[in-house]
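Report on the structure
Each chain, letter by letter, is given below.
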Amino acid sequence: MFKRSDFPRDFTFGAATAAYQIEGHAFGGAGRTHWDDFAATPGNVPRGESGAIACDHYHRMEEDLDLLKGAGLDAYRFSASWARVLPDGRGAINAQGLDFYDRLVDGLLERDIKPMLTLYHWEMPSALADLGGWRNRDVASWLADYACILMDRLGDRIWKTATINEFWCVSFLSHFLGHHAPGLRDIRATARAMHHVLLAHGTTVQALRAAGIDQIGAVCNFTYPQPASEAAEDVEATATFDDYYNNFFLSGIFRREYPRRIVKALGPHFPDAWQQDLEVIGAPIDWFGVNYYTREIIGHAPGPWPALRSVEGPLPKTQMGWEIHPEGLHHFLRRCHDDFSGDLPLYVTENGMASADTVAGGAVDDAARIDYLRRHIAAARQAMAEGVPLEGYFIWSLMDNFEWAFGFEKRFGLVHVDFDTLERTPKASYHALKAALAG
Ligand code: IFM
């Protein structure tokens, strides 16, 4: 796969998960979230699956931390569920919830694994979703208040904190494409969510700094767009995709501005005086995380903005139907460094693939994942060799889990989970990673 000795001594290797995808939201006094509501709505998730039980990590945390340790990983990127800490999103604290995250962080430190915390990985408390969730400007102070409560308890032991995971998914995927909770398809809701997710990020960065927390970062997801042809219309459609998917959030965070194409298209839908928020949105951060999985081929489509469509590409695909294109990871590490983040430390905070893995004779042969990781890690190394200040790489995911609108079918884990018995079986990729990290 690779050898640890190929990397600088202090390079960090980790695996990532998210609260709603693994914990079991039915346990421990957590409040309802918009994902519980979305999953309970017929047609949104296959078989009506949800994160109610998921991997039952809530009860199997020690076993899962042993798996991290067993692989030889240096860090664990996990998220806290807002509604587990504050069941209504504000007000009363669920002591069991804070205790759970406290035990998790201590469990990591006991194993000499660095805790990297994401404050929001998609499960908006239902009580706040009722008030408009990401459409409501107040989400910025709600998130910052929750962050301060959580970090007051954990902040002395967290290695690095990310505000929000994948700004594009939180806003565009969930409010324009309707694929994720709250499942809206509304341009005005989208514009507001895109702006508010950035405002909430910046407000939270400032609030945490004021509370004495450092090592705060942002994590965005990127998809590498390529035009379906050289026709001007396809090239323009690709640029539009690139701007609303990749450049919008980078520009807000690092340049305190939004791409012109997006202002033209979504300007009428942004909240009044949105320009006055750019200063907060660009609050300085300490590191930046890149989540990368695939490329997308884009063609023009007649119709309202964004007037584009996705065209099936020729490359081998993962179980998600996503093309395998490691060059895109190299591209985005370079783009972030060259055009936006400069010398700021970068992390690949998510990278990995889904495959239809099965257990046979106590083993899981996921050779395709080993190859995927090998090629993407090589792309990351190439960027480092060219001067990109990449300081770590995290695999999505430690274990198979609730893959949101796809339910439990899509398996991203290094560890197989049997969702009937909840038995964990390390896959061949887990063993290959362990060998690589020992080398
Ligand atoms: O499972 C998700 C994760 O929650 C966020 N990034 C992408 C992963 C795979 O789809």
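Everything numeric in this text was worked out from a predicted model, so none of it was measured.

1. Thoughts on the site of the ligand
Taken together, Gln 21, His 121, Trp 122, Asn 165, Glu 166, Tyr 293, Trp 322, Glu 350, Trp 396, Glu 403, Trp 404 and Phe 412 make up the full set of residues adjacent to the ligand. Within the contact set of the ligand, a nitrogen atom lies 2.5 Å away from a side-chain nitrogen or oxygen of Glu 350. Note that an oxygen atom of the ligand is positioned 2.6 Å from one of the side-chain N or O atoms of Glu 403. Grouping the constituent residues of the shell around the ligand by class yields six nonpolar, three polar and three charged.

2. Points about the environment of Glu 323
Structurally, Glu 323 can be placed in the loop between strand S7 (308-311) and helix H13 (327-341). For Glu 323 and Phe 78, which are 245 residues apart along the polypeptide, the C-alpha to C-alpha distance reads 26 Å. Those residues in contact with Glu 323 that lie beyond four places of it in its chain are Tyr 293, Thr 294, Arg 295, Ile 297, Gly 313, Pro 314, Leu 315, Pro 316 and Lys 317. Reaching out from Glu 323, the side chain makes a polar contact with the backbone nitrogen of Leu 315 at a distance of 2.7 Å.

3. Focus: the packing of aromatic side chains
This model, assessed by the stated rule, comprises 47 aromatic pairs. Here the aromatic rings of Tyr 292 and Phe 332 are separated by 6.2 Å at their centres, their planes lie at 40°, and the arrangement is tilted. With Tyr 292 in strand S6 (residues 287-300) and Phe 332 in helix H13, this pair connects stretches of sequence that are 40 residues apart. The residues Tyr 292 and Phe 332 share a single accessibility class, namely buried. Its guanidinium or amino end placed over the ring of Trp 159, Lys 160 lies 4.8 Å from that ring's centre, counting from NZ or CZ.

4. What about the nonpolar core?
Counting residues in each nonpolar core, the largest one holds 139 residues, and the members touching the most others are Trp 35, Tyr 76, Trp 134, Leu 150, Phe 288 and Leu 333. Counting residues in hydrophobic clusters, the runner-up holds seven residues, among them Met 116, Val 219, Trp 287 and Tyr 347.

5. A closer look at the pairing of strand S1 (residues 12-16)
For S1, a buried count of five out of five residues is recorded, marking the element as mostly surrounded by other parts of the structure. Residues Thr 12, Gly 14 and Ala 16 line one face of S1 and the alternating positions Phe 13 and Ala 15 line the opposite face, and both faces are buried. Taken together, the five bridges between S1 and strand S9 (residues 390-396) define a ladder with parallel strand orientation. Looking at the pairing, Gly 14 lines up with Phe 394 of S9.

6. A closer look at the state of the cysteines
If you walk through the whole model with that rule in mind, you get zero disulfides. Distance from the sulfur of Cys 220, which forms no disulfide, to the nearest cysteine sulfur (Cys 336) is 8.0 Å. You can call Cys 336 buried: its relative accessible area is 0%.

7. Some details on the packing of helix H5 (residues 95-110) against helix H7 (residues 139-154)
Packing of H5 against H7 leaves a shortest axis separation of 10 Å and a crossing angle of 45°. In this view, H5 runs oblique relative to H7, as classed from their interaxial angle. The hand of the H5/H7 crossing is right-handed. Across the interface between the two elements, Leu 98, Asp 99, Tyr 101, Asp 102 and Val 105 from H5 touch Leu 150, Arg 153 and Leu 154 from H7. The residue inventory of the contact of H5 with H7, partitioned by class, reads five nonpolar, no polar and three charged.

Reading the values: rules and limits
Residues numbered from 1 in each chain as written. Predicted model: local features only at pLDDT ≥ 70, side-chain atom pairs only at ≥ 80, totals over all residues. Heavy atoms only, no water. Near = heavy atom within 4 Å. Polar contact = N/O pair within 3.5 Å; in protein donor to acceptor, adjacent residues only side chain to side chain. Nonpolar A, V, L, I, M, F, W, Y, C, P; charged D, E, K, R; others polar. Helix = DSSP H or I, 4+ residues; strand = E, 2+ residues; numbered from the N terminus. Contact = heavy atoms within 4.5 Å. Phe/Tyr/Trp six-rings, centres within 6.5 Å; stacked < 30°, edge-to-face > 60°. Buried < 20%, exposed > 50% of the residue type's maximum accessible area, 1.4 Å probe, protein only. Lys NZ or Arg CZ within 6 Å of the ring centre and 35° of its normal. Core = buried A, V, L, I, M, F, W, Y, C linked by side-chain atoms within 4.5 Å. Pairing = 2+ DSSP bridges. Disulfide = S-S within 2.5 Å. Axes fitted to C-alpha atoms, helices over the stretch in contact; angles between N-to-C directions. Parallel < 35°, antiparallel > 145°, perpendicular 65-115°, else oblique. Left-handed = near helix turned anticlockwise from the far one by under 90°.

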